[in-house]
Amino acid sequence: MEVRLKILYTALCHTDVFFWEAKGQNPLFPRILGHEAAGIVESVGEGVTDLAPGDHVLPVFTGECKECAHCLSEESNMCDLLRINTDRGVMINDGKSRFSINGKPIYHFVGTSTFSEYTVVHSGCAAKINPLAPLNLVCILSCGISTGLGATLNVAKPTKGSTVAVFGLGAVGLAAAEGARIAGASRIIGVDLNPRRFHEAKKFGVNEFVNPKDYNKPVQEVISEMTNGGVDRSIECVGNIDAMISAFECVRDGWGVAVLVGVPYKDATFKTHPVNFLNERTLKGTFFGNYKPRSDLPAVVEMYMNKELELEKFITHEVSFSEINKAFDYMLQGDSLRCVIRMDG
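This structure is a prediction, so every number in the text was calculated from the model and none was measured.

I'd love a proper account of the nonpolar core, names of residues and values included.
If you look at the biggest cluster of nonpolar residues, it comprises 83 residues, and the most contacted ones within it are V138, I140, L141, I235 and L311. Examining the composition of this core, we find that six residues originate from one element, helix α5 (residues 171–183), more than from any other. Not counting the four nearest positions on each side in its chain, L141 is found in contact with L58, S146, F288, L297, V300, V301, L309 and L311. Among the nonpolar cores identified, the runner-up in size contains 15 residues, and I189, V210, V231 and A243 belong to it.

Written out as structure tokens, the structure is:
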């Protein structure tokens, strides 16, 4: 049930940096990082029937076995067999790595390990896509962009003319804003502590900006006053517990929905007054934008092919594989949204 992929393009996501810095749950080294990518199936293992050599695919850090209770449910994408596991550095089938050096294993990362010209993934973690789609662009759909886009379109579901607040204007947050733009939101309010991000965000439909540092009161109060009672929908893409609470408390009573996307530190606790729920506000969470990787990602690629979704504006840098450290520098300096790495150089 495994496939070997030739990776053609991979992008750097903040999760890679997080684990490279050993801030993840249990650091495991040596390890090949990378999980946002696009490639071509080079060969298939025993039992694989729905992929063949030459297929264009997006490897995905979370899979879809199509058989478990979650996969059979229309409401979930959290596959029992293949959901993300950041601690596991080996393949499910035999508990061994497919990478080695001098006879010693090099560990896998979230089932993908795309910072490699070739990688081996479980077939349930490879989404077959339109072979005409440009892999140097759609590679970013295998993680961050789909996460933000789906958080808005699949979970928050803003209606045409509604107001939306997006907390955190990195690539995931701007993908959430792009979803609000596609949905026809009338006001998209971007919230970020870095004012340098505001200019870039205009390309994604963000038309108002709030920097919490500019006010001496909670940002949820600022947004509530700006919108005469709160926004219809909010999407939190920071992973900061205060931002999560603000995102919930800034939605309008009666019908407001807040969606949490960011991953907080393990000891974080969400605190809010229960009356906020009794006043008919809704708090939701999402994982990978509620997209089932194999079933749903091909349609997201088609959104790009049909010019409904713009991907070019997310890619701020491109480097060759030999220059991968530059991609890390760009992200650490806050200069990039997405840096695409060409594997041929």
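Describe the UniProt feature "domain: Alcohol dehydrogenase-like C-terminal" (unreviewed entry) in the protein, listing the residues and the values that go with them.
Mapped onto the present numbering, the UniProt feature "domain: Alcohol dehydrogenase-like C-terminal" (unreviewed entry) falls at residues 171–303. Secondary structure across residues 171–303 comprises 38% helix and 15% strand; the distance between its end C-alpha atoms is 18 Å.

Explain the sheet that holds strand β12 (residues 257–260) residue by residue, including any values.
Read from one edge of the open sheet, six strands run β10-β9-β8-β11-β12-β13, paired in parallel fashion. On the outer flanks of this sheet lie β10 (208–210) and β13 (282–285), each paired with one strand and no other. Adjacent strand axes in the sheet meet at a mean angle of 20°, parallel and antiparallel pairs treated alike. Bridging between β12 and β13 involves four bridges; their strand directions are parallel.

Provide a residue-level description of the environment of P293, including the pertinent values.
Looking at the secondary structure, you find P293 in helix α10 (residues 293–305). The class for P293 is buried, based on a relative accessible area of 1%. C-alpha separation for the pair P293 and C65, spaced 228 residues apart in sequence, amounts to 9.9 Å. Residues in contact with P293, not counting those within four places in the same chain, are V60, T62, G63, E64, A127, F288 and P298.

Which residues make up the environment of V60, and what are the values?
Assignment of secondary structure puts V60 in the loop between β3 (56–59) and α2 (69–72). On the basis of relative accessibility, which here comes to 0%, the residue V60 falls in the buried class. Remark: the alpha-carbon pair of V60 and E42, spanning 18 residues in sequence, is separated by 17 Å. Setting aside its immediate chain neighbours within four residues, V60 contacts T112, C125, S142, F288, P293 and L297.

Outline the pairing of β3, listing residues and values.
Of the two faces of β3, the one carrying H56 and L58 and the one carrying V57 and P59 are both buried. The pairing of strand β2 (residues 36–44) with β3 spans two bridges and is classified as antiparallel. Each residue of the ladder has a partner; that of I40, found in β3, is H56.

Please give an account of the packing of helix α4 (residues 144–156) against α5 that cites residues and values.
Taken N-terminus to C-terminus, the directions of α4 and α5 make an angle of 40°; their axes are 7 Å apart at the nearest point. Relative to α5, the element α4 is oriented oblique. Between α4 and α5 lies a crossing whose hand is right-handed. For the pair formed by α4 and α5, the contact residues are G144, I145, T147, G148, L149, T152 and L153 on the first element and A171, V172, A175, A176, E178, G179, A180, I182 and A183 on the second. Residues that form the contact of α4 with α5 fall into these classes: 10 nonpolar, five polar and one charged.

So what's going on with α5? Which residues, and what values?
Helical periodicity: at 3.6 residues per turn, an α-helix aligns residues three or four positions apart in one direction. Relative to the 18 Å expected for 13 residues at 1.5 Å per residue, α5 spans 18 Å between its end C-alpha atoms, a close match to the ideal helical length. Burial analysis of α5 places 10 of its 13 residues in the buried class, the great majority of the element. Structurally, α5 contributes buried residues whose contacts are with α4, β8 (163–167), β9 (187–191), α6 (196–201), β11 (233–236) and β15 (338–342). Where α5 terminates, the next one or two residues include G184, which has phi positive at roughly 90°.

Quick rundown of the side chain of E208? Include the residues and the values.
Along the polypeptide, E208 turns up in strand β10. Polar contacts involving the side chain of E208 include one to the side chain of R187, which spans 2.6 Å.

Describe in detail the pattern of salt bridges, supporting the description with residues and values.
Enumeration according to the criterion identifies 20 salt bridges in this entry. The shortest N-O distance in the salt bridge between R294 and D50 comes to 2.2 Å. Of this pair, R294 sits in helix α10 while D50 sits in the loop between β2 and β3, and the two are 244 residues apart along the sequence. Taking the relative accessible area as the measure of exposure, R294 reaches 16% and is therefore buried. The class of D50 is partly exposed, set by a relative accessible area of 37%.

Before we move on, could you go through the packing of aromatic side chains and cite the residues and values that matter?
Going through the model one piece at a time under the given rule, you end up with 11 aromatic pairs. Where F115 meets F328, the ring centres are 6.4 Å apart and the plane angle is 70°; that geometry is what we call edge-to-face. Here the residue F115 occupies a position in the loop between β5 (104–106) and β6 (118–122), and F328 occupies one in helix α11 (residues 324–332), the gap between them amounting to 213 residues. Residue F328 is classed as buried on the basis of its relative accessible area, which comes to 8%. Through a chain of ring-to-ring contacts, three or more aromatic side chains come together here, namely F18, F19, F109 and Y265. Taking NZ or CZ as reference, K313 lies 4.9 Å from the ring centre of F204, over its face.

Conventions we followed
All residue numbers refer to position in the chain's written sequence, counted from 1. A pLDDT threshold of at least 70 governs which residues receive local features in this predicted model, and a stricter bar of 80 or more applies before side-chain atom pairs are shown or counted, although totals over entire chains, interfaces and linings include all residues. Side-chain numbers come from the whole structure's heavy atoms, not from hydrogens or water. Put simply, a nonpolar core is a bunch of buried Ala, Val, Leu, Ile, Met, Phe, Trp, Tyr and Cys residues held in one set by side-chain atoms that sit within 4.5 Å of each other. For the exposure calls, accessible area comes from a 1.4 Å probe over protein chains only, and a residue counts as buried if that area is under 20% of its type's maximum, exposed if over 50%, partly exposed in between. Helix and strand labels come from DSSP, where a helix needs a run of H or I of at least four residues and a strand needs a run of E of at least two; each type is numbered from the N terminus. Residues are treated as being in contact if the distance between any of their heavy atoms lies within 4.5 Å. UniProt positions are given in the numbering used here, feature names are shortened, and annotations may be inferred rather than shown by experiment. Any two strands between which DSSP finds at least two bridges are classified as paired. Comment: axis = line fitted to C-alpha atoms, over the contacting stretch for helices; angle = value between 0 and 180 degrees taken between N-to-C directions. Orientation is classified from the angle alone, with under 35 degrees giving roughly parallel, over 145 giving roughly antiparallel, 65 to 115 giving roughly perpendicular, and any other angle giving oblique. By definition, turning the near helix anticlockwise from the far helix through less than a right angle yields a left-handed crossing, and turning it clockwise yields a right-handed one. Under the scheme applied here, ten amino acids are nonpolar (Ala, Val, Leu, Ile, Met, Phe, Trp, Tyr, Cys and Pro), four are charged (Asp, Glu, Lys and Arg), and all others, including Gly, are polar. Helix span, expected: 1.5 Å multiplied by one less than the number of residues in the helix. N or O atoms closer than or at 3.5 Å make up a polar contact, with two conditions inside protein: a donor-capable atom paired with an acceptor-capable one, and, for residues adjacent in sequence, both atoms drawn from side chains. Salt bridges are defined as contacts in which a side-chain nitrogen from Lys or Arg sits within 4 Å of a carboxyl oxygen from Asp or Glu. For Phe, Tyr and Trp, rings pair up if their centres lie within 6.5 Å, where Trp contributes its six-membered ring, and each pair is then called stacked (planes under 30 degrees apart), edge-to-face (over 60) or tilted (otherwise). Counting as a charge over the ring demands two things of the Lys NZ or Arg CZ atom: a distance within 6 Å of the ring centre and an angle within 35 degrees of the ring normal.

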